[in-house]
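Here are the chains, one letter per residue:
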Amino acid sequence: MKVTLPALDTCESSFTPLVVLELAQDVKKETKEWLKNRIVSKKEDGGAQLLFRPLLNKYEKETLENENLYLVGASKITLLLGAEAMGLVKECNDNTMRAFTYGTRHNFKDYDDDNDDFLTMAECQFIIKHELENLRARDEKMIPGYPQAKLYPGKSLLRRLLTSGIVIQVFPLHDNEALKKLEDSWYTRFTLKYQPLDCIRGYFGETIALYFGFLEYFTVALIPMAVIGLPYYLFVWEDYDKYVIFASFNLIWSTVILEVWKRGCANMTYRWGTLVMKRQFEEPRPGFHGVLGINPITGREEPLYPSYKRQLRIYLVSLPFVCLCLYFSLYVMMIYFDMEAWALSLHENSGSEWTSVLLYVPSIIYAIVIEIMNRLYRYAAEFLTSWENHRLESAYQNHLILKVLVGTFDDYLELFLQFGYVSLFSCVYPLAAAFAVLNNFTEVNSDALKMCRVLKRPFAEPSANIGVWQLAFETMSVISVVTNCALIGMSPQVNALFPESKLDLILIVVAVEHALLALKFILAFAIPDKPRHIQMKLARLEFESLEALKHQQMKFMAQNLKEESQESSKKEEA
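Residue positions within a chain follow its written sequence, with the count starting from 1. Side-chain atom pairs in this predicted model are given and counted only at pLDDT of 80 or more, local residue features only at pLDDT of at least 70, and totals for whole chains, interfaces and linings cover all residues. Just so you know, side-chain values use all the structure's heavy atoms and leave hydrogens and water out.

Re a nonpolar patch on the surface
Move 1: Taken together, the side chains of Leu230, Tyr233, Leu234, Leu417, Tyr421, Phe425, Val428, Tyr429, Phe435 and Leu438 present a nonpolar region at the surface, about 970 Å² in accessible area.
Move 2: Secondary structure elements are taken from DSSP: a helix is a run of H or I of four residues or more, a strand is a run of E of two residues or more, and numbering for both begins at the N terminus. Among the secondary structure elements, those contributing two or more residues to the nonpolar patch are helix H7 (206-235), helix H13 (411-425) and helix H14 (432-454).
Move 3: Looking at the secondary structure, you find leucine 234 in helix H7.
Move 4: Residue classification places leucine 234 among the exposed residues on the basis of a relative accessible area of 52%. Here a patch means residues that are over 30% exposed by relative accessible area and free of salt bridges, tied together within 9 Å if like-charged and within 5 Å if nonpolar (Val, Leu, Ile, Met, Phe, Trp, Tyr). The protein chains shown are the only cover counted for residues, whose accessible areas, like all others here, come from Shrake-Rupley with a 1.4 Å probe. For this analysis, a salt bridge means a side-chain nitrogen from Lys or Arg found within 4 Å of a carboxyl oxygen belonging to Asp or Glu. The buried label goes to any residue with under 20% of its type's maximum accessible area, the exposed label to any with over 50%, and the partly exposed label to all in between, with areas taken from a 1.4 Å probe on protein chains only.

Structure representation (structure tokens):
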């Protein structure tokens, strides 16, 4: 039996607020009334069926003056049905992970009709964000009170309100008591211990928890390189036989740690339920637009946009633009080298004080130009990625990261650069790993402090892995093979072995590089991405899903046969 929300859900005068919606100061009254009606209206009427009220003063009696802050919440049944609609996966009483359904809610572990802690606060806020983002225009041609803010069927109302400046921001509220408990177990006491990743996930969501999990894992993985690199730096710096051994170990290390991380990540995300989530059924992102229609897979009403149009935009516009920008950046770099050579030549010829100052001018100009170019390119990359019209938020972020190598949580970039320094150049400077370990021990605590006390709380986002950053790290490890082989080939000791023919040296270096690449890919293939027990559980879930589908089809066919036999009986009687 299909469960529907009761009408009284949106009429509760007192509720636990989860999300804040801030409007501009001069928003018209008719716009506020229209927005409120769309938020609290029933689903069948195009609303979100949430709870909504203005922020009151500390006595909870009257609205704060000169404030346009509104609180958004939801009833328990709204949140549970939202969890079902979004495909959230929870642990059952038989210790398996299954997509939550309201009809079978009593089969899930820790569920109780009198317990409001079945869904984490982060999950509740994510559900409310999802409902707000999927408020879409129906018959409206414009936002009431703002004729210039045009609407068309299927357009995300929240996105239009944000771009029109009517809504300033939407953000989740903190829970001071839960935050204090998290801080006490996380970073307030500086001790060498593992981070409370499950607690971080419960408060901030899977994406943030995976970042801190990867930061912790990467720091521990750097310790062997740091321990080996220290004596190499102190005692055997000129011993190139051991230098080659260190480079070879570096290559194996960079492959193994990434493969082992994927296994650990699969363990965590299975426990959290995101590894099992069906991302193909994910709701479209707010910026996704198209003709309003019915999704043939889910049967839900949503904007539809042909994928071939998106591919044409990517390959005919975005890709050539990125290549053109890359060429332009290399051209600017060549100009910088020419300017630096000119300044150096001028200084060598005259040797005056002003020419010594002039030596710094090319670098200053280049730094300013690069900063301007980076800002312009970032804006262009965001515009193009939005224009490509990706249906899912994950696809949007992946394409944005591929363009500019920065994502939703920019601190991955710092870890990526650390991995690059260690994998590319640690055989030249073995202390790179040791300094990275020291940096990351403080990074864990400083990032935790930022998340809890400095930055605005982000909305939780379900994630099964670190996304396209995994591909970036793996690509860097492949590049490190080429770089390390080239560094070894350029060493004086190796060159001394081939005093007459450099071609033989090049061929041997290329052969060694191919052999190491082959070893790298064999290791990657030999280490499964998911542990055996996780593979078995996923296969079991897939089998049960197919069995349930077959059972449903058999039931449907039996019902049809029964109806056909009844119709034929009636015809015979007639």
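Some words on the packing of aromatic side chains
Move 1: Aromatic pairing here means that ring centres of Phe, Tyr or Trp (its six-membered ring) are within 6.5 Å. Orientation follows from the plane angle: under 30 degrees is stacked, over 60 is edge-to-face, and everything else is tilted. Counted according to the given criterion, the structure contains 26 aromatic pairs.
Move 2: When the centroid spacing of 5.2 Å and the interplanar angle of 85° are considered together, the rings of tyrosine 211 and tyrosine 412 count as edge-to-face. Here the residue tyrosine 211 occupies a position in helix H7, and tyrosine 412 occupies one in helix H13, the gap between them amounting to 201 residues. When sorted by exposure, tyrosine 211 lands in the same class as tyrosine 412, which is buried.
Move 3: Ring geometry for phenylalanine 214 and tyrosine 412: centres 6.2 Å apart, planes at 45°, overall tilted. You can see phenylalanine 214 sitting in helix H7 and its partner tyrosine 412 sitting in helix H13, a full 198 residues away along the chain. In this pair, the class of phenylalanine 214 matches that of tyrosine 412, namely buried.
Move 4: The ring of tyrosine 146 has lysine 28 sitting right over it, with the charged end atom 5.4 Å from the ring centre.
Move 5: Across from the ring centre of tyrosine 203, 3.8 Å away, lies the NZ or CZ of arginine 457, which sits over that ring. A ring has a charge above it when a Lys NZ or an Arg CZ is no more than 6 Å from the ring centre and no more than 35 degrees off the ring normal.

Keep in mind that these numbers describe shape and distance, not what the molecule does.
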